Amino acid sequence: MIKRAHLRQFLALVETGNFTRAAERLGVSQPTLSAAIAELERMAGTLLFQRERRQVRLTEAGAKLVSHARAIEREFRAAEAAFDNAPAPLVPMRLGMIPSIATPTLANIAIAWAEVQPITLAEGTDAELRRKLGEGQIDAIITLLRPEDANRPSVMLLEEGYRLLMGQGHRLAGAALVDARDVASETMIARRSCEILSETSRWFTQRGVRPPFFLRSANDDRCLEMVRAGMGVTTAPQSLVREGIIAVPLVDYDFKRTLGLIAGRDRPDLTDPDHPLVRACRKGFV
């Protein structure tokens with residue numbers, strides 16, 4: 001199939017009359033141009049040029065092709081010119097987030113921000129996201145805030161506690177407060193995405209609670225659906241509660257987390273309280 005490159009090479013050779021000058025105009029080597037013209041002639045099924053020592057001359061077939069090649073090149077240039085004044089496409093905002101942020105929250109953030117600019121989401125652990133942010137692979141991340149983040153572009157989005165989550169028909173669903181001993185006979189579901197998974201395990205062990213597990217999974221949506229189905233209980237941040245699930249505080253289970261937006265050091269504007277991204281994030285966490 002004849003391509004535009006073939007026709008441009010053909011016209012360059014026609015206009016310069018010499019392989020060396022045509023190759024210089026095109027920014028390719030002479031052997032490359034020679035091979036391309038030979039390929040065009042094979043597709044045409046005939047010679048297009050008579051090769052002489054210092055120049056080339058069009059054959060009858062080549063002369064017939066010139067007007068068609070010039071007309072096609074004019075159309076290509078006209079098509080390209082039509083886009084000269086077109087606005088450049090918006091570069092997507094690259095936002096990273098830890099897995100333990102509720103899916104509906106992320107959806108709300110994406111919807112709110114998409115009104116401003118395209119967005120791409122990247123999931124990863126806190127360490128992975130911070131590395132990618134430092135390397136410029138993403139623009140901002142939603143993750144756990146650390147004290148040292150006060151020295152970099154960051155803004156707090158949410159502070160929340162952890163609760164015991166259970167289906168709304170569970171026997172403890174109406175309790176105002178649950179003791180660890182009340183959970184001893186319960187089947188548990190382990191959220192492997194939980195940032196305090198090891199601390200929670202120690203907390204129960206120290207109180208003599210070693211319940212059986214129905215499921216261990218890094219997929220929060222799967223874990224929560226199993227909780228809603230009554231297959232077990234789990235511990236999770238308050239923001240992960242969804243319809244059909246009840247959250248009840250555990251006695252002395254005082255863990256909290258602070259979520260924030262952290263931007264690359266070259267984009268401190270992203271964490272300004274009035275920036276659309278901050279407003280989108282806060283809208284998502286409502």
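Now for a quick tour of the structure. Just so it is clear, the structure is predicted and the values come from calculations on it, not from any experiment. (Residues numbered from 1 in each chain as written. Predicted model: local features only at pLDDT ≥ 70, side-chain atom pairs only at ≥ 80, totals over all residues. Heavy atoms only, no water.)

1. Quick word on the pairing of strand β7 (residues 188–191)
So, point 1. Going residue by residue along β7, you find Met188 and Ala190 tucked away on one face and Ile189 and Arg191 tucked away on the opposite face as well.
So, point 2. One ladder, built from 4 bridges, connects β7 with strand β8 (residues 213–217); its direction is parallel. Pairing of Ile189 across the sheet is with Leu215, part of β8. (Buried < 20%, exposed > 50% of the residue type's maximum accessible area, 1.4 Å probe, protein only. Helix = DSSP H or I, 4+ residues; strand = E, 2+ residues; numbered from the N terminus. Pairing = 2+ DSSP bridges.)

2. Here's the deal with helix α9 (residues 276–285)
In an α-helix, one full turn covers 3.6 residues, which means residues spaced three or four apart are oriented alike.
So, point 1. Turning to α9, its buried residues number three or more, namely Leu277, Val278, Ala280, Cys281, Gly284 and Phe285. The buried residues of α9 occupy one face: seen down the axis, they fall within an arc of 160°.
So, point 2. Considering only its buried residues, α9 is in contact with β3 (93–97), α5 (103–114), β5 (140–144), β6 (154–167) and β11 (256–263). (Arc of directions from axis to C-beta. Contact = heavy atoms within 4.5 Å.)

3. Describing the packing of aromatic side chains
So, point 1. Per the counting criterion, the structure on display carries 4 aromatic pairs.
So, point 2. Measuring from ring centre to ring centre gives 4.9 Å for Trp203 and Phe204, while their planes differ by 90°; the resulting arrangement is edge-to-face.
So, point 3. Since its relative accessible area comes to 5%, Phe204 is described here as buried.
So, point 4. Members of the aromatic cluster, connected to one another through ring pairs, are Trp203, Phe204, Tyr253 and Phe255.
So, point 5. When the ring centre of Phe213 is taken as reference, the NZ or CZ atom of Arg216 above it lies at 4.1 Å. (Phe/Tyr/Trp six-rings, centres within 6.5 Å; stacked < 30°, edge-to-face > 60°. Lys NZ or Arg CZ within 6 Å of the ring centre and 35° of its normal.)

4. Quick notes on the packing of helix α1 (residues 4–16) against helix α4 (residues 60–81)
Each pair of packed helices can be summarised by the angle the axes make with each other and by the distance between the axes.
So, point 1. Put simply, α1 and α4 touch, their axes get as near as 9 Å, and they point 120° apart. One way to sum up the angle between α1 and α4 is to call them oblique. The element α1 and its partner α4 pack so that their crossing is left-handed. Together, Arg4, Leu7, Arg8, Phe10, Leu11, Val14 and Glu15 of α1 and Gly62, Leu65, Val66, Ala69, Arg70, Ile72, Glu73, Phe76, Arg77 and Glu80 of α4 make up the contact between the two elements. (Axes fitted to C-alpha atoms, helices over the stretch in contact; angles between N-to-C directions. Parallel < 35°, antiparallel > 145°, perpendicular 65-115°, else oblique. Left-handed = near helix turned anticlockwise from the far one by under 90°.)

5. Structural notes on the environment of Arg42
So, point 1. Summarising the element assignment, Arg42 is placed in helix α3 (residues 30–44).
So, point 2. Here Arg42 falls in the exposed class, since its relative accessible area comes to 61%.
So, point 3. Residues Arg42 and Arg152, spaced 110 residues apart in sequence, show a C-alpha to C-alpha distance of 63 Å.

6. Quick look at the side chain of Thr59
So, point 1. For Thr59, the position within the fold is in the loop between β2 (56–58) and α4.
So, point 2. A distance of 3.1 Å separates a polar atom in the side chain of Thr59 from the backbone nitrogen of Gly62.
So, point 3. In contact with Thr59, not counting residues within four places along its chain, are Leu47, Leu48, Phe49 and Gln50. (Polar contact = N/O pair within 3.5 Å; in protein donor to acceptor, adjacent residues only side chain to side chain.)

7. A look at the environment of Gln50
So, point 1. Tracing the backbone shows Gln50 in strand β1 (residues 49–51).
So, point 2. By relative accessible area, which is 37% here, Gln50 ends up partly exposed.
So, point 3. As for Gln50 and Gly62, which are separated by 12 residues in sequence, their C-alpha atoms are 9.4 Å apart.
So, point 4. If near-sequence neighbours (up to four positions away) are discounted, Gln50 is found in contact with Gln55, Val56, Arg57 and Thr59.

8. A look at the packing of α1 against helix α2 (residues 19–26)
So, point 1. Direction vectors running N to C along α1 and α2 enclose 130°, while the axes themselves pass 8 Å from each other. As summarised for this structure, α1 and α2 are arranged oblique, according to the angle between their axes. Note on packing geometry: the crossing formed by α1 with α2 is right-handed. Here Arg8, Gln9, Ala12, Leu13, Glu15 and Thr16 of α1 lie close against α2, whose contacting residues are Phe19, Arg21, Ala22, Arg25 and Leu26.
So, point 2. Residue composition of the contact of α1 with α2, by class: 5 nonpolar, 2 polar and 4 charged. (Nonpolar A, V, L, I, M, F, W, Y, C, P; charged D, E, K, R; others polar.)

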